[in-house]
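A look at the structure
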Amino acid sequence: MNRTVALWLTIGLIGFCVLPWYVLEDGLWNFEWLRDGYPYDTDYAPGLFLLLQGEKLWLAPIPILLLLPLLTIGVSKRNPLFNKVLCIAGALGLFYLLAQGFSIGIRGWNTELLTQTFGELGDRQFGFGYGAMFVGAAFLFFLTTGIAARGVVNGDVFVVGSIGFVIALVSLFILYPVLNMLSSALQDNDGAYSFSLFVSKFFSDKIWGLQCLTENRSCGVAWNSLVLALCVGALTTLLGLVFALVATRSGLRQAHLLRPLTVLPIITPPFVIGLAIILLFGLSGAITTFVADLLGINPTRWIYGLPGILIAQLLSFTPIAFLVLIGVVEGVSPSMEEASQTLRASRWQTFRTVSLPLMRPGLANAFLLGFIESMADFGNPLVLGGNYDVLSTEIFFAIVGAQNDQGKAAVLAIVLLIFTLSAFYAQRRWLGKKSYTTQTGKGDSGIPASLPRRILYPSYALVAIWGTFTIVVYSMIVYGGFVEVWGLNHTLTFKHYITAFGVSMTENGLHFRGSAWDSFWTTLRIAATAAPLTAAIGLVTAYLLVRQNFAGKNAFEFGTMLSFAIPGTVIGVAYILAFNVPPLELTGTGVILVLSFIFRNMPVGIRAGIASMSQLDKSLDEASLTLGANTWRTFREIILPLMKPAIVAALVFSFVRAMTAISAVIFLVSAEHNMATAYIIGRVENNDYGIAIAYSTVLIVVMLTAVTLTQLLVGKSKTGRRVGTIRTQAA
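First, a word on what this report is: a plain description of the structure on this page. (Residues numbered from 1 in each chain as written. Predicted model: local features only at pLDDT ≥ 70, side-chain atom pairs only at ≥ 80, totals over all residues. Heavy atoms only, no water.)

Let's talk about the nonpolar core
By size, the foremost hydrophobic cluster in this structure holds 183 residues, and its most contacted members are Ile 277, Met 359, Tyr 575, Phe 599 and Tyr 695. Sorting elements by how many residues they give to this core places helix H14 (residues 306–331) first, with 16 residues. Once residues lying within four places of it in the same chain are set aside, the contact partners of Phe 599 are Leu 169, Phe 173, Ile 174, Ser 563 and Tyr 575. (Core = buried A, V, L, I, M, F, W, Y, C linked by side-chain atoms within 4.5 Å. Buried < 20%, exposed > 50% of the residue type's maximum accessible area, 1.4 Å probe, protein only. Helix = DSSP H or I, 4+ residues; strand = E, 2+ residues; numbered from the N terminus. Contact = heavy atoms within 4.5 Å.)

Put into structure tokens, the structure is as follows:
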């Protein structure tokens, strides 16, 4: 038998004959079932033992389909029978597994039509567990192996399997819950479908109104969101590029200090930055009152609205642009710049005509991420929005407010999708089909060109101003954790840290008695689990998008970006609606949190991977394949080592976003799996600002440590360039 087929047949048989078929009451990570009546207890029984006991008879066709690949024993891969058997086994197996899963629920048949057709079932189904997951994976890879045997994508089993795996994940954990949620846009309060109701909601003045042009009122939430997102996308890309240039090409000895400074805002809960901005620039803020007293004017509430949201989002999202652009700037070939200068081009001409055009993939991806992040952000507009309503906050209040109108929330989400997909299309058109390859596998002995003065000195000024402002904001945050009542009583105290993270020694050993420890350890465990999975799936997807051509590639890329374009509030509610019943009962478990983080943050790993991989010549892959390596080995030993900046960006972003996520977490946490941000919001609601700020400070320190360790463990890519010092010309 073919080795790949034998491997997945073994995995499928283990799933059906050994592992519990249905989800465990104590969660996927609990293994108490091994000694609690296994394998005969129906709560923990594998599919085979359920059938032997006369239970869940609808599972009977599954082992037949699972054993069907045995017909390929002794059959060559080139024989049409090989791919036909595998395609039939995989396709029918997946179809039947999903069909029975969605047809049978907690009360028997899920639809009245099935009940009338087959009669009362008299039994129920639980959510899929280990066994069903293993069998589903076996059917999936039977199908992809059969498709590869037909010659699709040059018959590469790894590539076709990767495409199938990513499509399955995206379909199950992005498309299914989102479509389930958006379908409510066409439903009225009684669940009946009404297209006219959808049209009236979609074209309402609240969304598209232009009162701001004729009256002194705010425009519709769609225009407000668009203006804000365009400003944030452009400014974060500019700031990220400036920081990346100063960090890599200024010759400044202290440039390495910019990296933690630019990463600081991304590792902070957004509402904490908003609160710090209010205490600096609010009506009674420190800077506002100082300027008002100095100039003899009355303080105003100017910070609430577009200015405040813009400042907070620039602080929050500039690091995303920096993390994407730092690898792209480092990847520009110095030999090309030296060739330009050899031909007597000035440093300004070299930067404008050689360096900057080669950075276009990074600039486009940074803008797209900033635009989408601004559209999807809900924490900053909630704190600083005032009368400036945006789509994300409107969706939130439509779901959890007094309206409780899921249809309205779905309509607003569709408007948001239109904007983000338009930005995606514009990015693709701007990049076009040009090549941005700068690393070809040949020795590159150049030293990066220094920046021209007309760029260097403004960059210094901008970095100094923005860096100082960032330090002031974070000083306010740290200071707030050590005062009695922030803004009222500034007596220094440690009580907030003791209340949240108190530790004592008892006769039984160390006792973590602080109220925040439980949520802290849960958050750390879930974030550490989600981060490498997010990076792995994101980078594999980027490899498929950049290096492979296959039918439906554009739809494939759209599906992977879909979850990032939808606010976390919608994702949270969509996950609850989709995964609260069989066949995927995940609500209240840690798994649903891990999954939400993986597929919410995966697009960042994809965009960072695409930006970095666009600079790697395909001849590297071709040389490896020519020397006899398969695609998997080429990806592992050639591509990944050259993509270390993208790996760092994906790991760092996914970890810190899991630690600081707010919107989706609010809906998905449970008493057993409480997250740090949910705990902090609870403290803010109880006016315990000191504890909330102290907890946020601890999270910042923990994540800074994690970022540093990730950088050290992954390291930098080795491109064969000689090390040299960039000298800047004195004025």
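Next comes the rest of the description.
A word on the packing of helix H27 (residues 619–626) against helix H28 (residues 631–639)
Running from amino to carboxyl end, H27 crosses H28 at an angle of 125°, the nearest separation of the two axes being 10 Å. Here H28 runs oblique to H27, going by the angle between their axes. For the pair H27 and H28, the crossing hand works out as right-handed. On H28, the residues touching Leu 620, Asp 621, Ser 624 and Leu 625 of H27 are Thr 631, Thr 634, Ile 638 and Ile 639. Residues of the contact of H27 with H28, tallied by class, amount to 4 nonpolar, 3 polar and 1 charged. (Axes fitted to C-alpha atoms, helices over the stretch in contact; angles between N-to-C directions. Parallel < 35°, antiparallel > 145°, perpendicular 65-115°, else oblique. Left-handed = near helix turned anticlockwise from the far one by under 90°. Nonpolar A, V, L, I, M, F, W, Y, C, P; charged D, E, K, R; others polar.)

Quick notes on the side chain of Ser 654
Among the secondary structure elements, Ser 654 is positioned in helix H29 (residues 644–660). A relative accessible area of 1% places Ser 654 in the buried class. Discounting residues that sit within four places of it in the chain, Ser 654 has contacts with Ala 531, Thr 534 and Asn 601.

Some remarks on unusual backbone geometry
Glycine aside, residues mostly have negative phi angles, and peptide bonds mostly take the trans form. The omega torsion of the bond from Pro 582 to Pro 583 falls at 10°, within 30 degrees of zero and hence cis. Within the element layout of this structure, Pro 583 appears in the loop between helix H25 (568–578) and helix H26 (590–613). At Lys 56, a residue that is not glycine, the phi angle is positive and equals roughly 50°. For Lys 56, the location among the structural elements is in the loop between helix H2 (47–52) and helix H3 (61–67). Residue Lys 56 is classed as buried on the basis of its relative accessible area of 9%. Phi at Val 153 takes a positive value of approximately 50°, unusual for a residue other than glycine. Following the sequence through the fold, Val 153 ends up in the loop between helix H6 (130–149) and helix H7 (157–182). Assessed through its relative accessible area of 16%, Val 153 is described here as buried.

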